[in-house]
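Each chain, written out:
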Amino acid sequence: MGSVLSRPERVVDYVPETVTRSVKLLVAGNFGVGKTTFVSSVSEIKPLRTEETITEASIGVDDMAGLPEKTQTTVAMDFGRITLNPQLALYLFGTPGQQRFVPLWEELARGALGALVLVDTRRIEKADEVLSVLEERGVPYSVAVNEFDGAKRYPLEEVRDALDLTADTPLTSLDARNRGTCLHSLITLVEFLFHRLESRL
Ligand SMILES: Nc1nc2c(ncn2[C@@H]2O[C@H](COP(=O)(O)OP(=O)(O)OP(=O)(O)O)[C@@H](O)[C@H]2O)c(=O)[nH]1
Ligand SMILES: [Mg+2]
């Protein structure tokens, strides 16, 4: 097996026989923060996407502010897989970002070990609801700032304060189009979740 950084051209559509452990993770975040892009960047199988074209029916319902070029939105989920090391497969479920789909999370969150929450610092206040939903459902999470082109960069400590994250919540930054940065955030989440599990044994 090659490095996870060199994607095997998505020819791997089976789970390698060496895999002994599989983990379900959510990729969450509010509307348009880059969840579908993230799952697509990371997945070693052709990701399942359930995107629909945004229509006029969205006006006044979905939060389009700051996203004038967005034409598609996830209506059910994104799905991808990555074999992080020969023994460990991650199944990634990207949530739909629009508020009206939050009830769907109930199903998606079932059995998830944790969540990676993407945030866009230009609309950081929108992340609060996402974090609350995860906290209510007892899903542990880490946070990653998706650094959009042209968005102001803030020190991560400022982001931590703005989101009121606890000191042990992992916080990273990434570019959802860049596989290496996405993997870094994913590995940080997995290490956090495994340490958390071990400390409870
Ligand atoms: N510049 C830049 N653009 C990005 C990045 N990530 C996503 N985008 C773009 O931002 C838009 C929204 O990305 P999506 O991946 O659809 O976001 P999403 O969170 O899945 O959106 P919903 O499913 O509607 O909630 C798309 O046009 C992406 O091409 C990024 O890291 N940098
Ligand atoms: Mg999406």
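Rules of the game
- Residues numbered from 1 in each chain as written.
- Chains lettered and ligands numbered in written order.
- Predicted model: local features only at pLDDT ≥ 70, side-chain atom pairs only at ≥ 80, totals over all residues.
- Heavy atoms only, no water.
- Helix = DSSP H or I, 4+ residues; strand = E, 2+ residues; numbered from the N terminus.
- Buried < 20%, exposed > 50% of the residue type's maximum accessible area, 1.4 Å probe, protein only.
- Contact = heavy atoms within 4.5 Å.
- Salt bridge = Lys/Arg side-chain N within 4 Å of Asp/Glu carboxyl O.
- Pairing = 2+ DSSP bridges.

Caption draft 1: Spatial organisation of the environment of Val 133. Looking at the secondary structure, you find Val 133 in helix 3 (residues 127-136). Taking the relative accessible area as the measure of exposure, Val 133 reaches 7% and is therefore buried. For the pair Val 133 and Trp 105, spaced 28 residues apart in the sequence, the C-alpha separation amounts to 8.6 Å. Setting aside anything within four residues of it in sequence, one finds Val 133 in contact with Val 102 and Trp 105.

Caption draft 2: Quick look at the pattern of salt bridges. For the structure on display, the rule yields 11 salt bridges. For Arg 81, the salt bridge identified is with Glu 44, shortest N-O distance 3.1 Å. Taken together, the residues span a long stretch of sequence, with Arg 81 in strand 4 (residues 78-85) and Glu 44 in the loop between helix 1 (35-42) and strand 2 (51-53) at a distance of 37 residues. A salt bridge links Glu 147 to Arg 153, with the nearest nitrogen and oxygen atoms 3.7 Å apart. According to the relative accessible area criterion, Glu 147 is partly exposed, its value standing at 26%.

Caption draft 3: Spatial organisation of the pairing of strand 1 (residues 21-28). Most of strand 1 is tucked away, with 6 of its 8 residues classed as buried. One ladder, built from 7 bridges, connects strand 1 with strand 5 (residues 88-94); its direction is parallel. Within the sheet, the bridge partner assigned to Lys 24 lies in strand 5 and is Tyr 91. Relative to strand 6 (residues 114-119), strand 1 runs parallel, the two being bridged by 4 bridges. Bridge pairing links Leu 25 to Gly 114 in strand 6.

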